[in-house]
Amino acid sequence: DAGTARLVAASAAGAVARLKFFRAALGPAGSDQPAAAVQDLAVAYLRAAEAAGSGRLALRWSCGRSRLDGDIARLVLNLILVARDCLPRGGEITVDIAASAPAHAAGLVVGFDGDGARLGEELALALMAGAAPSGPRGAQAWFTRRLAEKFGGPPGFDARSDGGRITA
């Protein structure tokens, strides 16, 4: 029936959005990309995660660059994955990309805010301390740390009530 067809189509579209996002975030670094294309990947991924029951997810995007090189784009997408893992009941992810990167950093700030939002212990150990991961979320955070180190150092973290900010 038509309802079933719509459900299957929506599920397939969500799977395609997640696949494109993960391919860009975890695959080999590509060439420069328009910042708008990276933003579109993030929006599509968050919509798919929301449709899969992750609670309402919003993205606020501020980018001072028209293009992002492959490593910066991958780092942004991986920081979005970490932020998403910090939002157990949904919330808002903010991405701020400076017009130019300062020395020894990528010029990125990714924040997350929501009810019960926090950087869990497994993520904190892998992302901030570089500890060997104990599960898939930790592995992804550890990989994100390695990407950030390409720009001069590990990411920074500022905890806030119901959220936090990760800088790279």
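Keep in mind that this is a model prediction, so the values were computed, not measured.

Describe unusual backbone geometry, listing the residues and the values that go with them.
You will see that histidine 104, though not glycine, has its phi angle at about 60°, which is positive. Phi is positive for aspartate 162, close to 55°, though the residue is something other than glycine. Topologically, aspartate 162 is positioned in the loop between β6 (156-160) and β7 (163-167). Exposure remark for aspartate 162: the relative accessible area of 42% places this residue in the partly exposed category.

A description of helix α3 (residues 70-85) should follow, citing residues and the corresponding values.
For α3, spanning 16 residues, the distance from its first C-alpha to its last is 23 Å, which sits close to the expected 22 Å at 1.5 Å a residue. Where burial is concerned, most of α3 is hidden: 14 out of the 16 residues are buried. Its side-chain oxygen placed 3.0 Å from the backbone nitrogen of aspartate 71, aspartate 69 serves as the N-cap of α3.

Can you explain the pattern of salt bridges? Please cite residues and give values.
Counted according to the given criterion, the structure contains eight salt bridges. Ionic pairing is found between lysine 150 and aspartate 71, a salt bridge with its closest N-O pair at 3.6 Å. One end of the pair, lysine 150, is in the loop between α5 (136-149) and β6; the other, aspartate 71, is in helix α3, and 79 residues separate them in sequence. Overall, lysine 150 belongs to the exposed group, its relative accessible area being 53%.

Criteria and cut-off values
- Residues numbered from 1 in each chain as written.
- Predicted model: local features only at pLDDT ≥ 70, side-chain atom pairs only at ≥ 80, totals over all residues.
- Heavy atoms only, no water.
- Helix = DSSP H or I, 4+ residues; strand = E, 2+ residues; numbered from the N terminus.
- Buried < 20%, exposed > 50% of the residue type's maximum accessible area, 1.4 Å probe, protein only.
- Expected span 1.5 Å × (residues − 1).
- Polar contact = N/O pair within 3.5 Å; in protein donor to acceptor, adjacent residues only side chain to side chain.
- Salt bridge = Lys/Arg side-chain N within 4 Å of Asp/Glu carboxyl O.

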